[in-house]
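Examination of the molecular architecture
One letter stands for each residue in the lines below.
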Amino acid sequence: MTGPRNVLAVIAPHVGGRTTGAGLAQLFPGDVRVTVVESADEDPVALRSAHAIITALAPVTAEHLAAAPELALVQCASHGFENIDVAAARARNVTVCTIGSSGAESQNVAEQTFALMLALAKRLVPAHNALTTGDWALPRLQGSLTELSGKIIGIVGLGRIGTEVARRAVAFDMTVLYAGRRPVPDETAALLGGARHVPLDDLLRAADYVTLHTPLTDETRHLLDAERLALLRPTAFLVNTARGALVDQEALADALEKGTLAGAGVDVFDPEPPSAALRLLRAPNVVLSPHVGGVTRETLIRIALAAVQNVVDFLAGRAPRDVV
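The numbers attached to residues start from 1 for each chain and follow its sequence in the written order. A pLDDT threshold of at least 70 governs which residues receive local features in this predicted model, and a stricter bar of 80 or more applies before side-chain atom pairs are shown or counted, although totals over entire chains, interfaces and linings include all residues. Each side-chain value is derived from all of the structure's non-hydrogen atoms; neither hydrogens nor water enter the calculation.

1. Regarding the state of the cysteines
Filter applied, for reference: When two cysteine sulfur atoms lie within 2.5 Å, the pair is treated as a disulfide.
Throughout the structure, instances matching the rule amount to 0 disulfides. Here cysteine 76 stays unpaired: no disulfide links it, and the sulfur of cysteine 97, its closest cysteine neighbor, is 8.3 Å away.

2. A look at the packing of aromatic side chains
Given two aromatic rings, one states the distance between the centres and the angle between the planes to describe the pair. Which entries qualify depends on this criterion: Pairing of aromatic rings covers Phe, Tyr and Trp, the last counted by its six-membered ring, and requires centre-to-centre distances within 6.5 Å; plane angles under 30 degrees mean stacked, over 60 mean edge-to-face, and any other angle means tilted. Helix and strand definitions here come from DSSP, where helices need a minimum of 4 consecutive H or I residues and strands a minimum of 2 consecutive E residues; each element is numbered from the N-terminal end. Only protein chains enter the accessibility calculation, which uses a 1.4 Å probe. A residue is then buried if its area is under 20% of the maximum for its type, exposed if over 50%, and partly exposed in between.
Within this structure, the stated rule accounts for 2 aromatic pairs. Ring centres of phenylalanine 114 and phenylalanine 172 lie 5.1 Å apart, and the angle between their planes is 20°; on these two criteria the pair is classed as stacked. Residue phenylalanine 114 is located in helix 5 (residues 106–121), and its partner phenylalanine 172 is located in the loop between helix 8 (160–171) and strand 7 (175–179); the two are separated by 58 residues in the primary sequence. A relative accessible area of 4% places phenylalanine 114 in the buried class.

3. Description of the sheet that holds strand 4 (residues 73–76)
We apply this condition: We call two strands paired when DSSP finds no fewer than two bridges between them. With axes taken as lines fitted to C-alpha atoms, and helix axes fitted only over the stretch in contact, angles between N-to-C directions fall between 0 and 180 degrees.
With parallel pairing, the 5 strands of this open sheet are ordered in space as 2-1-3-4-5. Lying at the two open borders of the sheet, with one neighbouring strand each, are strand 2 (32–37) and strand 5 (95–97). Each strand axis lies, on average, 20° off the axis of its neighbour in the sheet, ignoring direction. The pairing of strand 1 (residues 5–11) with strand 3 (residues 52–56) spans 5 bridges and is parallel.

4. Points about the pairing of strand 9 (residues 209–212)
Of the two faces of strand 9, the one carrying Tyr209 and Thr211 and the one carrying Val210 and Leu212 are both buried. In terms of strand pairing, strand 6 (residues 152–156) meets strand 9 through 4 bridges, oriented parallel. Each bridged residue has a counterpart across the sheet, and for valine 156 the counterpart in strand 9 is leucine 212. Across 4 bridges, strand 9 lies against strand 10 (residues 237–240) in parallel orientation. Note on strand 10: the bridge partner recorded for threonine 211 is valine 239.

See the structure below:
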């Protein structure tokens, strides 16, 4: 591409907005003109002249694509791409990419998964809340405390993040089951403690901990609905650090309120931020965090570098990575 190269950086307010966008813009070389906005339709002139859009959890709709005749690339600063109208992009010959192969978020999402699992097993939230009010809750809590060692973890989606979770599970002496479109190579399964590929419903019936690490697509939206949540044992825990819409949030609240599920650790919601009226926020035996699984200082640097490099490569005529 010759001449000025224009990039529109669309950073949703709930992930830092213009402040985060300003830092990201500084990573581009000087011959790239970067406009930072919090919504793709905020600056119609910049949208119309954009050769590439880099988006951090902000929607890029068919209307945005139609208003950007120069656009050739939409780069997601994330593993997911559910905020992009991919069909409309393909119809306009606009390439859509993620940062999936960079592994930028893998370490921290895996750590966050285990933080939630441990908090659930050790009842850390109720224990902390009780002590702050002078309540020595040990007699009440000790019957529900449990260990990860010896338990079965069911990983839905054994990609980069799911593999990092499996590695940690082996260190905790857990048995690893996983569900996905296809089994991993035997040598990979062996490194993950002999991880076994099983159908999703069988995984849900068997696992003590179910953790989600699959992309959100039309096929996976509400992957865990009321019917599938009912397959989980009453002693099982569900952890979601992937995407909120993978789970029917109302059905999950029902299961927790009825006691048909032991607990849930939730880092992601649908939508984000969640409405204060969301029942899940007040359900029993939940540990909640505001989508922090991919936002440590280290992770944000890796995400920004991976996304910017892909855009720079594309604008220079080099093949981009992680095309959707």
